[in-house]
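Coordinate analysis (summary)
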Amino acid sequence: MDTSILQEQRYKYEPKLPASLRQPIPSIACTFGKATESAGDAEQVQGMFPLTYGQPIAGFTSGDNPVAGKQRTVGVILSGGQAPGGHNVICGMYDALKAANERSRLLGFLGGPSGLLENNAIELTDEIIDSYRNTGGFDMIGSGRTKIESDEQFARSAEVAKELDLDGLVIVGGDDSNTNAALLAEYFKASDIETSVIGVPKTIDGDLRNEQIEASFGFDTATKTYSELVGNIGRDANSAKKYWHFIRVMGRSASHIALECALKTHPNICIVSEEVAEKERSLADIVEEIAGSVAERAENGENFGIVIVPEGLIEFVPEMNGLISELNDVLAAAEKTDSHSDPDERNRQVSERLSSGAREVFRSLPSSIQSQLLMDRDPHGNVQVSRIETEKLLIEMVDAQLSEMKRSGSYKGKFSALSHFFGYEGRCAFPSNFDADYCYGLGYAAFVLVANGLTGYITSVRNLAKGPAKWEAGGIPLTMLMNMERRHGSDKPVIRKALVELDGKPFAEFARQRPKWRVKTSFASPGAIQYFGPPEVCDQPTETLKLERG
Ligand code: FBP
């Protein structure tokens, strides 16, 4: 890609490292805590990971690592959706690896996990690395969603690890990709392959975390990008005073992105999927809430507003959740048994296999949403929520409800709505200073874990709300994040998605403010990410992090 003026300037940015990593690699030793347990289903998870289950949390301290300077070959894979900062993870790994031994090599597998299976890698050089420092995107080596799950794929991965004499393999990914990393670490150990497998917590969705992993990288930049856009729309709405904007934001299942954007921009309504599930609210309840805000604002002459919709909402509405889980099982079974290739015929057959309750819900939906629900699942068995236009469904339903209210005389305003979807716009933005620093630290730490011979770990940098000078780096055993879940029609060990906690501080703050936002125009416009300037403008973490860990 051609460079821009900003890119030229960003090349020169020097990411800040946590203190424990700012010393020569041979002087960084590991400290270990107590044995750990999985997030759930301990017995079953232990049964699936007999060799890597329960390892202790690792921290870094000044000490002596006599094997740090060994000449090594390490591979890196970018897996799943893009997230700002991925290039800096690789840059951090590269700088650490070269600092430990100039002759060590970093191989980048091309196109995601399939690059490993196909032994398709390039050696990363100073020239390549320097042209991607502090840039967005995953285009240095590309990404993909191939899942490594079959015996053949594990055997092939082992073959390639041996062929390339890999000392380490770093998988940069979300919950599903890190589940793959855990399985691979276990397989390598069982096969006496001495390749350390280390994961790195990536995803704009913000749902890969626990007490020790405070945030996944990319969430900061993506939410700042979406919040800029939502804030701009708020200003436009308040200027023109004629549209209701229904804005769906990415985030797959969890509503972290929607909540963070709401905390930054103060929309009239922000739906939080986790609350919908907890309170067992139906689609009709959600429509009533939105229509209520529209009607009250109309009484004040304000026929405009902002509604933020998390992209995973549809899966959390109880009646839709039941339908989707039936569809998942039926589609998985259809994949195994049906031979026809006509998608319409396949879809018709699938809908006929639903229970009568689920079929009734299915038939009540507009046909566009019906076909979006029947689209292929991703390689991990998930519904592709980014392709389900819930914001349009809500506009249609709110419109119908307001017409009803007009007939009964309880609404006299005008409702003109526009739909937006902000997803891909935020995934490859130039990483904010926060993500540039955080990712560089994660990559650096990944190499240090490899250099200490650890496997089955995910890198962690903690104390994130306090600024890099106080950040603490280390590694968390991957099995600590796992539980058993139903996928593709059977029970599998997977990393548990961290959803919005309704008793957590970010949601509490939102709940405190929303009665005001619902009626009164309170939009805030945070503006674009600033890369150069005073730290209080450029280096702020997310509202979520400030509230949770500040
Ligand atoms: P990851 O979990 O792989 O980071 O991807 C997150 C995400 O951006 C979701 O927010 C979104 O639903 C999905 O990817 C879109 O996937 P795709 O890029 O395959 O369209």
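The structure this text deals with has already been given above.
What you see is a predicted model, and the numbers here were worked out from it, not measured in a lab.

1. Focus: the site of the ligand
Residues in close proximity to the ligand total 14 residues, the closest being Gly-81, Asp-205, Glu-311, Tyr-424 and Arg-427. Contact distances for the ligand include 2.8 Å between an oxygen atom and a backbone N or O atom of Gly-81. In the environment of the ligand, an oxygen atom lies 2.9 Å from a nitrogen or oxygen atom belonging to the side chain of Arg-427. Protein chains shield 86% of the accessible area of the ligand, which is 480 Å² for the free molecule. Partitioning the shell around the ligand into residue classes produces 3 nonpolar, 5 polar and 6 charged.

2. Regarding the pattern of salt bridges
As enumerated under the stated definition, the model contains 27 salt bridges in all. In this structure, Arg-407 and Glu-404 form a salt bridge, with 3.0 Å as the shortest nitrogen-oxygen distance. Of this pair, Arg-407 and Glu-404 both sit in helix H17 (residues 390-408), 3 residues apart, which is roughly one turn of that helix. Glu-404 gets classed as partly exposed once you look at its relative accessible area, which sits at 48%. Its salt-bridge partner being Glu-543, residue Lys-546 comes within 3.3 Å of it at the nearest N-O pair. Placement of both Lys-546 and Glu-543 in helix H22 (residues 543-549) is noted, with a separation of 3 residues, approximately one turn of the helix.

3. Remarks on the sheet that holds strand S12 (residues 417-422)
The 4 strands lie next to each other as S10-S11-S9-S12, forming an open sheet whose pairing is parallel. With partners counted over all chains shown, the strands left at the sheet margins are strand S10 (269-270) and S12, one partner each. Here strand S9 (residues 244-249) runs beside S12; their pairing, made up of 6 bridges, is parallel. Within the sheet, the bridge partner assigned to Phe-246 lies in S12 and is Ser-419. The sheet strands contacting helix H11 (residues 283-299) are S9, S10 and strand S11 (305-310), and the helix crosses S9 at an angle near 150°.

4. A short note on helix H7 (residues 175-190)
An ideal rise of 1.5 Å per residue puts 22 Å on 16 residues; H7 measures up with 23 Å between its terminal C-alpha atoms. Of the positions making up H7, those classed as buried are Asp-175, Asp-176, Ser-177, Asn-178, Thr-179, Asn-180, Ala-181, Ala-182, Leu-184, Ala-185, Glu-186 and Phe-188. Positive backbone phi, approximately 55°, marks Asp-192, located one or two places after H7.

Cut-offs used in this document
Residues numbered from 1 in each chain as written. Predicted model: local features only at pLDDT ≥ 70, side-chain atom pairs only at ≥ 80, totals over all residues. Heavy atoms only, no water. Near = heavy atom within 4 Å. Polar contact = N/O pair within 3.5 Å; in protein donor to acceptor, adjacent residues only side chain to side chain. Areas by Shrake-Rupley, 256 points an atom, 1.4 Å probe, with all protein chains shown as cover. Nonpolar A, V, L, I, M, F, W, Y, C, P; charged D, E, K, R; others polar. Salt bridge = Lys/Arg side-chain N within 4 Å of Asp/Glu carboxyl O. Helix = DSSP H or I, 4+ residues; strand = E, 2+ residues; numbered from the N terminus. Buried < 20%, exposed > 50% of the residue type's maximum accessible area, 1.4 Å probe, protein only. Pairing = 2+ DSSP bridges. Contact = heavy atoms within 4.5 Å. Axes fitted to C-alpha atoms, helices over the stretch in contact; angles between N-to-C directions. Expected span 1.5 Å × (residues − 1).

Fair warning: the whole summary comes from geometry, so function is off the table for now.
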